[in-house]
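# Breakdown of the fold
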Amino acid sequence: MFNINNFLHSGALSPAAEWKGYPKYNFIGGHNDDESIPIKFLKDSIDNVILKEGKTLAKYGLESGPQGYFSLRNFISLQLKESASIKCSEKEILVVSGSLQALDLVNQTFLKKGDTVIIEEENYGGTISRLNRLGVNMVGVPIESDGMKINALEEILKDLKSKDIKPRYIYTIPTIQNPTGTIMSVKKRKALIDLSKKYEVPIFEDDCYADLIFDKERPPAIKSFDKEGYVIYCGSFSKSIAPALRVGYLLADWHILSRILPYKTDAGSGSLEQMALAEFCKANFNSHINLLRAKLKDKSDAICNALDKYFGSSADFTKPNGGIFVWISLPETVDTSRLYDLALKEGVAINPGSEWSINTSGKHKMRLCFGNPSTKEIDEGVKLLAEICQKEFGVPAQIANS
C-alpha cells in the first residue's frame, strides 16, 4: 500500500478523522436548526433567478466580475446602511466563501510568520488556530461586559510601540462576541477607532453574528465611524440564512480591497448560491431574520434554564443577548478538554474552552451552541453533560431529577 507519510513535509497537518455523523446532542459548531432554513422561499428564489439570469453561469463571475454577483453586493450595501450605519458602494464589497475565507484572505494579505496581531483574549477558535498555524504572535486583550477593555488595549499598543513592534491588525468581534456573547458599547467602538488612527493600526471587524441580536438595538458597526479607511469589515449569511450556503463578504476601501482581491484565486465563490441569496434577500431577509431571532431566543432561554436546573451555581454564565451560543465558566477543578472527550463518547459534543482562549483561563470553560438542537434535546443533553461532569469531577454536587 502506498505510504503517504513518506511524502509529507515536516509541517503537514494531522490526518482528519473519518466523519461518522453528528452526535445526538450537538452543542458545537455554528449550525442552524433544520426547521429555520427558509426552504420554500429559497426554492422560489432559485426558480426565479435561474430563468432570468441563468445563462450568465456560462462565465466565471457571471457578468459581475471577480468581486461577486452584483445584485448580491447591492443588497449587502443597502442592508449595511440600514442595519449597521455603514455607507459603502458595491465596488468596496468582495463576496467570499464564508467568513473563514475572508479571514484567510486578510491573513494572506497582511501577515507573515513572526508578525504580531492583537485579538480579544477569548476568541473564535477558527481565528486562533489559523494564527497559530501561521506562526503569528497573538497579544490578548481582556473582555468586559461591554466589550474589549480599551484601557488595556491602549497599554498594549504603547508597549508594542516601545519595543518597535507594529501589530498588523486589531481583530475584534464586537457584536455578539464569539464565544463570550458580549456586545461592545458605542463609546468603546469610537475609542477603538481613535486608537487605531493614533497608532496607525488597522482594525479587522468580524460582524458575522450582528443580525441575531434578540431584543436590543443593533449598534452601529465600528466601520460606520471609520472615515479614513482603517477598518476591514467581514459579514456572513451563514448564521442568518444557512451555513452550508458558504457565502460571506469582505468590505474595505477599494485601495485595500484591491490588494486583497489578488489572493482570491478560486475563480469565484459559488455563483448559484449568490444568485439565489440576492433574489431571496430582496423580499425576505428582514422577515426571516425576525422569525429566526424569536426562535433562537426561545432556545437561549431553554439552555439557560437547563444549565440552572442541572448545573446550578457551579455554572457561571451570562444570558445571551443574541447569537447561538453561551460561554460557561465551571469550577477550576473541571478540565473541559477532558469533559469533551468523555461527553463525546456518550453522544454529547461541546467546545472546550482551551480552544477558544489564548490563555489558560479557558481550561475550565466551555462553549455550548444552542442553534441546532431542539429545546427537548437541549434539556436532555445538558442533563447528561451534568451527569458526566459530576461523575468525573464532582461538579455539580447535586443534579435535579427533571
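Right above here is the structure, for reference.
Residues numbered from 1 in each chain as written. Predicted model: local features only at pLDDT ≥ 70, side-chain atom pairs only at ≥ 80, totals over all residues. Heavy atoms only, no water.

## What about the sheet that holds strand E8 (residues 203-206)?
Across the sheet, 7 strands lie side by side as E2-E10-E9-E8-E7-E3-E4; this open sheet has mixed pairing. Of all the strands in the sheet, just strand E2 (93-96) and strand E4 (137-141) have a single pairing partner and so form its edges. Direction aside, the axes of adjacent strands within the sheet are offset by 20 degrees on average. Here 2 bridges tie strand E3 (residues 116-120) to strand E7 (residues 170-172), and the two strands are oriented parallel to one another. Following the sheet pairing, Ile118 is matched in E7 by Ile170. In the packing of helix H2 (residues 70-84) onto the sheet, contacts are made with E2, strand E9 (231-236) and strand E10 (248-251), and the angle to E2 comes to roughly 115 degrees. (Pairing = 2+ DSSP bridges. Helix = DSSP H or I, 4+ residues; strand = E, 2+ residues; numbered from the N terminus. Axes fitted to C-alpha atoms, helices over the stretch in contact; angles between N-to-C directions. Contact = heavy atoms within 4.5 Å.)

## Describing the side chain of Asp226
With respect to the helices, strands and loops of the structure, Asp226 is situated in the loop between E8 and E9. Taking the relative accessible area as the measure of exposure, Asp226 reaches 12% and is therefore buried. Among the polar contacts listed, one links the side chain of Asp226 to the backbone nitrogen of Glu228, at a separation of 3.3 Å. Looking at Asp226, its side chain comes within polar contact range of the main-chain nitrogen of Tyr230, at 3.0 Å. (Buried < 20%, exposed > 50% of the residue type's maximum accessible area, 1.4 Å probe, protein only. Polar contact = N/O pair within 3.5 Å; in protein donor to acceptor, adjacent residues only side chain to side chain.)

## Some remarks on the packing of H2 against helix H8 (residues 271-311)
Put simply, H2 and H8 touch, their axes get as near as 8 Å, and they point 35 degrees apart. Viewed along their axes, H2 and H8 form a crossing whose handedness is left-handed. Of the residues in H8, those in contact with Ser71, Leu72, Phe75, Gln79 and Glu82 of H2 are Gln274, Leu277, Ala278, Cys281, Lys282, Phe285 and Asn286. Classifying every residue of the contact of H2 with H8 by side-chain character gives 6 nonpolar, 4 polar and 2 charged. (Left-handed = near helix turned anticlockwise from the far one by under 90°. Nonpolar A, V, L, I, M, F, W, Y, C, P; charged D, E, K, R; others polar.)

## Let's talk about empty space enclosed by the protein
Under the counting rule described, the total for this entry stands at 3 cavities of 30 Å³ or more. Put simply, the largest cavity is a space of about 120 Å³. Lining the largest cavity are 17 residues, and of these Gln79, Leu80, Asp211, Tyr249 and Phe285 lie nearest its centre. In terms of residue count, H2 provides more of the lining of the largest cavity than any other element does, 5 residues in total. Per-class residue counts for the lining of the largest cavity are 9 nonpolar, 5 polar and 3 charged. Of the pockets and cavities examined, the second largest cavity occupies roughly 70 Å³. Lining the second largest cavity are 13 residues, and of these Gly61, Gly68, Gly268, Ser269 and Gln274 sit closest to its centre. Of the residues contributing to the lining of the second largest cavity, the split by class is 4 nonpolar, 8 polar and 1 charged. (1 Å grid on protein atoms, 1.4 Å probe; cavity = no way out; pocket = protein on both sides within 12 Å on 5 of 7 lines; lining within 4 Å. Points joined across faces, edges and corners; volume = space filled by probe spheres on them.)

## Considerations on the pairing of strand E15 (residues 365-369)
The element E15 is extensively covered by neighbouring structure, given that 5 of its 5 residues are classed as buried. Here E15 shows no split at all, with Lys365, Arg367 and Cys369 on one side and Met366 and Leu368 on the other all buried. Direction of pairing for strand E12 (residues 325-329) relative to E15: antiparallel, over a ladder of 5 bridges. Opposite Ile328, over in E15, you have Met366 as the bridge partner. Bridge analysis of strand E14 (residues 351-352) against E15 gives 2 bridges, and the strand direction is antiparallel. Residue Asn351 lies in a different strand from E15, and its bridge partner there is Arg367.

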